[in-house]
Amino acid sequence: MKAHTITAGLCQTVFVGEAEREVELEFTVIAEMHYSPAQTSGPPENCYPEESECNITSLKITKATEDGKPVHLGLDTMAQLRELISLDRVEEQLWEIYQEALAPSDEY
């Protein structure tokens, strides 16, 4: 099973504090991913389920804006914003990128 490294620039809107201020985040993410399709036909000893794995190895916030204005990205602010990023959504986006990259293309 070969792992592929995916690097992507992604965006998410997060809600900060009790007032739920809306902050738009841009970030770069690097992940090691692999996928092996299931083998469901043939003798039982040759069959196996699909396997996939996505390990995010780096996530760096590159820009944060609130109402179109930059948010100061000090260490405390970055740590707070980082915790609000939905890693489930990041993984969904990475799988979309991964599948698109491996899809057959008509281009030469």
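Once a new chain begins, its residue numbering starts again from 1 and follows that chain's sequence as written. With pLDDT at 70 or above as the cut-off, local features in this predicted model cover only qualifying residues; side-chain atom pairs require 80 or more to be listed or tallied, and sums for whole chains, interfaces and linings still use all residues. Note that water and hydrogens are dropped before the side-chain values are worked out from all heavy atoms of the structure.

Concerning the packing of aromatic side chains
A pair of Phe, Tyr and Trp rings is counted when the ring centres sit within 6.5 Å of each other, with Trp represented by its six-membered ring. The angle between the planes then sorts it: under 30 degrees is stacked, over 60 is edge-to-face, the rest tilted. This model, assessed by the stated rule, comprises one aromatic pair. Judged by centre distance (5.2 Å) and plane angle (85°), the rings of W95 and Y98 are edge-to-face. With W95 and Y98 both in helix α2 (residues 87–102) and three residues apart, the pair spans about one turn of that helix. An identical accessibility class is assigned to W95 and Y98; each is buried. Strands are runs of DSSP state E lasting at least two residues, helices are runs of H or I lasting at least four, and both sets are numbered from the N terminus onward. Buried means the residue's accessible area, taken with a 1.4 Å probe over protein chains only, is under 20% of the maximum for its type, while exposed means over 50%, and partly exposed covers the values in between.

Details of the side chain of T65
Of note, T65 is situated in strand β3 (residues 51–66). In this structure T65 comes out as buried when scored by relative accessible area, which is 18%.

Remarks on the sheet that holds strand β1 (residues 4–16)
When DSSP locates at least two bridges between a pair of strands, those strands are taken to pair. Taken in spatial order, the four strands of this open sheet run β1-β2-β3-β4, and their pairing is antiparallel. Lying at the two open borders of the sheet, with one neighbouring strand each, are β1 and β4 (69–70). On top of the sheet, helix α1 (residues 75–84) reaches β1, β2 (21–36) and β3; it is set at about 100° to β1, its chief contact. Between two residues, a contact is recorded if the distance between any of their heavy atoms is within 4.5 Å. A fitted line through C-alpha atoms represents every axis, and for helices the fit uses only the stretch in contact; the resulting angles, taken between N-to-C directions, go from 0 to 180 degrees. Relative to β1, α2 is tilted by about 145°, and along the sheet it contacts β1, β2 and β3.

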